[in-house]
Amino acid sequence: MSDPTETNGTAAAGEAAETAEASGGAGGRRVRVVLVDDHRMFRTGVQAEIGQTALTGVEVVGEAADVDQAVTVITATRPEVVLLDVHLPGGGGVEVLRRCAPLMADAEQPVRFLALSVSDAAEDVIGVIRGGARGYVTKTITGSDLIDSVFRVQEGDAVFSPRLAGFVLDAFASTDAPPVDEDLDRLTQREREVLRLIARGYAYKEIAKQLFISVKTVESHVSAVLRKLQLSNRHELTRWATARRLV
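Since we're looking at a predicted model, the values are computed, not measured.

1. Considering the sheet that holds strand 5 (residues 135-138)
Link 1 in the chain: Pairing is parallel across the open sheet formed by 6 strands, whose spatial order is 2-1-3-4-5-6. Each end of this open sheet is capped by a strand with a single partner; those strands are strand 2 (58-64) and strand 6 (159-160).
Link 2 in the chain: The sheet contact formed by strand 3 (residues 81-84) and strand 4 (residues 112-117) spans 4 bridges and is parallel. For Val 81, the partnering residue across the bridge sits in strand 4 and is Arg 112.
Link 3 in the chain: Taken strand by strand, helix 3 (residues 40-50) contacts strand 1 (31-36), strand 2, strand 3 and strand 4, and its axis lies near 170 degrees from that of strand 2.

Written out as structure tokens, the structure is:
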């Protein structure tokens, strides 16, 4: 798997700029955005892609790396759109949404949230949408598509990466509450993310690159998952995840 920062780096910034120039710049559109992601390199990449305001119309007015920072910056800057990672220190994207609920409910100047995450897991998508986010896109999105998504969310539209919309439709079409998996609930969000990548056959180094963490941290997460689920090795873990359709 490729590193999302590398995939959507300078080349994507050029793509976004060319798209904007071809359509006459930003066309008078403007949107104020806050970036919330615990990986500084990724925030820098997104800023380079979408933050050329004269061309894209996107003005990045703040950044944050954890829940407390995010709430502080969002409250202070009152952006129109927040690009929000799902997995953050301090409680995750859902906690940011919970604490910013009054800002989302402001009829005159609502703050709208668009989840931007490496995770494509149904529970992550449904969790942030239930929390109030207006959409969910993965970090494989191109610069031009991300700009378009930001403006659509600003206007009140719901935006999803293609395959993720089905998760939301299925979840909200059902009148029954989803069953609780007590074993899965023992895992943290990051442990679930590592679990899914292990089950998909990723090597530790690939997982580390994908999640912007060290190989040693990946090993620690795998050990914790095996211990909590009372499994012996990654083969048993893969079977466990497959049986629960987490792969």
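2. What about the packing of aromatic side chains?
Link 1 in the chain: Tallied over the full model, the rule gives 0 aromatic pairs.
Link 2 in the chain: Looking at Arg 29, its charged tip hangs above the ring of Phe 151, at a distance of 3.8 Å from the centre.
Link 3 in the chain: One residue, Lys 139, lies across the ring of Phe 42, its end atom 4.1 Å from the ring centre.

3. Some details on the packing of helix 12 (residues 189-199) against helix 15 (residues 234-243)
Link 1 in the chain: Two elements in contact, helix 12 and helix 15, have axes separated by 9 Å at closest approach and are oriented at 100 degrees. Classified by the interaxial angle, the pair formed by helix 12 and helix 15 is roughly perpendicular. On the side of helix 12, the interface is formed by Leu 195, Ile 198 and Ala 199, while helix 15 contributes Arg 234, Leu 237, Thr 238, Trp 240 and Ala 241.
Link 2 in the chain: Considering only residue class, the contact of helix 12 with helix 15 consists of 6 nonpolar, 1 polar and 1 charged.

4. Some remarks on the pattern of salt bridges
Link 1 in the chain: On inspection of all chains with the given rule, the structure shows 12 salt bridges.
Link 2 in the chain: Taking the shortest distance from any N to any O, the salt bridge between Arg 98 and Glu 95 comes out at 2.6 Å. With Arg 98 and Glu 95 both in helix 6 (residues 92-99), this residue pair falls 3 residues apart, about one helical turn.
Link 3 in the chain: Between Arg 190 and Glu 193 there is a salt bridge, with the nearest N and O atoms lying 3.1 Å from each other. Here the residue Arg 190 and the residue Glu 193 both occupy positions in helix 12, the gap between them amounting to 3 residues, near one helical turn.
Link 4 in the chain: Look at Arg 190 and you get buried, because its relative accessible area is 17%.
Link 5 in the chain: When salt bridges with common partners are traced through the structure, they connect Asp 37, Asp 85 and Lys 139 into a single cluster.

Definitions and limits used
- Residues numbered from 1 in each chain as written.
- Predicted model: local features only at pLDDT ≥ 70, side-chain atom pairs only at ≥ 80, totals over all residues.
- Heavy atoms only, no water.
- Pairing = 2+ DSSP bridges.
- Helix = DSSP H or I, 4+ residues; strand = E, 2+ residues; numbered from the N terminus.
- Contact = heavy atoms within 4.5 Å.
- Axes fitted to C-alpha atoms, helices over the stretch in contact; angles between N-to-C directions.
- Phe/Tyr/Trp six-rings, centres within 6.5 Å; stacked < 30°, edge-to-face > 60°.
- Lys NZ or Arg CZ within 6 Å of the ring centre and 35° of its normal.
- Parallel < 35°, antiparallel > 145°, perpendicular 65-115°, else oblique.
- Nonpolar A, V, L, I, M, F, W, Y, C, P; charged D, E, K, R; others polar.
- Salt bridge = Lys/Arg side-chain N within 4 Å of Asp/Glu carboxyl O.
- Buried < 20%, exposed > 50% of the residue type's maximum accessible area, 1.4 Å probe, protein only.

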